[in-house]
Structures are given as C-alpha cells and as structure tokens.
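Residue strings, one per chain:
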Amino acid sequence: MSEPQGSEGTTQRLPVIEKETDPGRDGYVPAPDHDPVPVVGDGRNGRFWSARRVPAGIVAVLLLAGTGALLYDVTAVRAERPAAHWRRELARQLAERPLDDTWVLVGAGIAAALGLWLIVLALTPGLRQVLPMRRTHADIRAGLQRTAAAMVLRDRAMEVSGVQSVRVRTSRTKADVRVVSHFRELDDVRTDLDAVLGDAITGLGLARPPALSVRVGRAGRKG
C-alpha cells in the first residue's frame, strides 16, 4: 500500500497580527493619541464679506428706472415727438438756477452722501455679526455668530458655583460678562469665572479672541 502524500510542500505559515495596544480592564482599547490640528498661517483671518444684496438691488432698480425713462424719452424725440415735461423742466431748472442756490446745494449734498455711502459699502466687508475662526485648512473658512459665542459663554458661566444670572454681550474685540451672585464671596466667584470663561474663549477657536471683561455683583433688594 502506498502511503498518503503529505502536504508539507504546500503548507504556509499564517502571518501573526500583533496588537499595538492592550485592551483595558473593561475590554476597550484606548484610542491612539492624535497630533494637534495644524493652523494655516498665523491663524488670523479677516471678516467675511457681505453680498450687499439690498443696497445693490436698490441701486440697480433706481438705475434701471432712470435709464429706462431717459431712453424712452430720447426715442420719442427721435420719432419727432415732443420731449417729456419732466426733462424739459429739469433742463430749464439747471440752466436758470445759480450754483449757490439752496436746492442745488441740497441736491448736490444728497448725491454726495449717497455716493460716499456706496463707496463705504464697497470698501468694507460687513457681516459684523460673524466672528472669523482659525483656519485649519487652506480652502476652508469658518465663522461663528456673535450670539452663539455669547450663548456658549453664558452657559459656561452658569456652571460656576454661586452664579445666579448671567448677561453676556460680545463684539469683535470684547466679551462683556455681567454676573449676579447670590452666595459665595465675590472675589472667589470672579476668580472661577476668569478661569472658566478664559478656557471657553480659547475653545471657541476664534481667529481673534475677544478680550474678557467680567463684572460680579449682588442682586438688589426688592421693595
């Protein structure tokens, strides 16, 4: 009888997978440590630019109405029809009134104010309610509403022992926090608030963290 052929020539050793971390007592493997999120550049960003839809829409409608009326009147004159009354009256007033006339000065002032307003809108970014955040990616920008930032600071302040009520006002450069305490020493409450709110402002991830101003007082007596 022939002996059965073995499989020594075809047997391969399976690879062994080594665990990098040992599970804890509860059976869960701790997550590996991650590097901190890098910040692009120096972490400072300008404000978001507003689309200016309302001013642009108003200017577009006024220009469309004015040019449309003028084009219609010029076309009517070309068709051997008399010019519109408003254009004849405007031409007469501009020819007869001197430059130092009150109505001429008023009209020039209004036109200059409107022009200055449009220039300011064109050169300023707007969106004052949005606080720019630090950029961690070159092609991504993020912003935080000032009301949301104030709400976060208020919630963190309410967690401090001894705080009864909190009112927060935030701007681009300052976070004004007014606190009413009903027990504990005011200095102790103020110290805890400075530490907690300082960490909260850092955690917001703003490109330009606002300066913190904390005021602590007692509630006034009723009656």
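Just so it is clear, the model here is predicted, and its values are computed rather than measured.

Colleague: Explain helix α5 (residues 186–203) residue by residue, including any values.
Modeller: Over its 18 residues, α5 runs 25 Å from end to end, which matches the ideal 26 Å to within 8%, given 1.5 Å per residue. Where α5 is concerned, the buried positions are V189, L193, L197, A200 and I201. Buried residues of α5, seen end-on, are gathered within an arc of 90° and therefore sit on one face of the element. Exposed residues on α5 whose side chains face more than 90 degrees from its buried face are D187, T191, D199 and T202. Looking at the buried side of α5, the elements it contacts are α4 (146–158), β3 (163–170), β4 (174–181) and β5 (211–218). Phi turns positive, to about 70°, at G205, one or two residues after α5.

Colleague: Break down the confidence of the model for the protein for me, citing the residues and quoting the values.
Modeller: This prediction gives the protein a mean pLDDT of 80; 78% of its residues lie at or above 70. This stretch, residues 1–12, has a pLDDT under 50; its non-local contacts, to residues over four places away or in other chains, come to zero contacts.

Colleague: Report on the nonpolar core, specifying residues and quantitative values.
Modeller: The biggest cluster of nonpolar side chains holds 16 residues, and the ones touching the most others in it are L153, V163, V166, V177, L193 and L197. Elements represented by at least two residues in this core include exactly α4, β3, β4 and α5. When residues in this core are grouped by element, the largest group, five residues, is from α5. Ignoring sequence-local partners within four residues, the contact set of V166 consists of R154, A157, M158, V177, R178 and V179. Residues L144, A149, L204 and L206 belong to the second largest nonpolar core, which totals five residues.

Colleague: Would you mind going over a nonpolar patch on the surface in detail, with residue names and values included?
Modeller: A contiguous nonpolar patch, built from W103, V106, I110, L114, W117 and L118 and spanning about 640 Å² of accessible area, is present on the exposed surface. For L114, the location among the structural elements is in helix α3 (residues 102–123).

Cut-offs and rules
- Residues numbered from 1 in each chain as written.
- Predicted model: local features only at pLDDT ≥ 70, side-chain atom pairs only at ≥ 80, totals over all residues.
- Heavy atoms only, no water.
- Helix = DSSP H or I, 4+ residues; strand = E, 2+ residues; numbered from the N terminus.
- Expected span 1.5 Å × (residues − 1).
- Buried < 20%, exposed > 50% of the residue type's maximum accessible area, 1.4 Å probe, protein only.
- Arc of directions from axis to C-beta.
- Contact = heavy atoms within 4.5 Å.
- pLDDT = per-residue confidence, 0-100.
- Core = buried A, V, L, I, M, F, W, Y, C linked by side-chain atoms within 4.5 Å.
- Patch = residues over 30% accessible without salt bridge, like charges linked within 9 Å, V, L, I, M, F, W, Y side chains within 5 Å.
- Areas by Shrake-Rupley, 256 points an atom, 1.4 Å probe, with all protein chains shown as cover.
- Salt bridge = Lys/Arg side-chain N within 4 Å of Asp/Glu carboxyl O.

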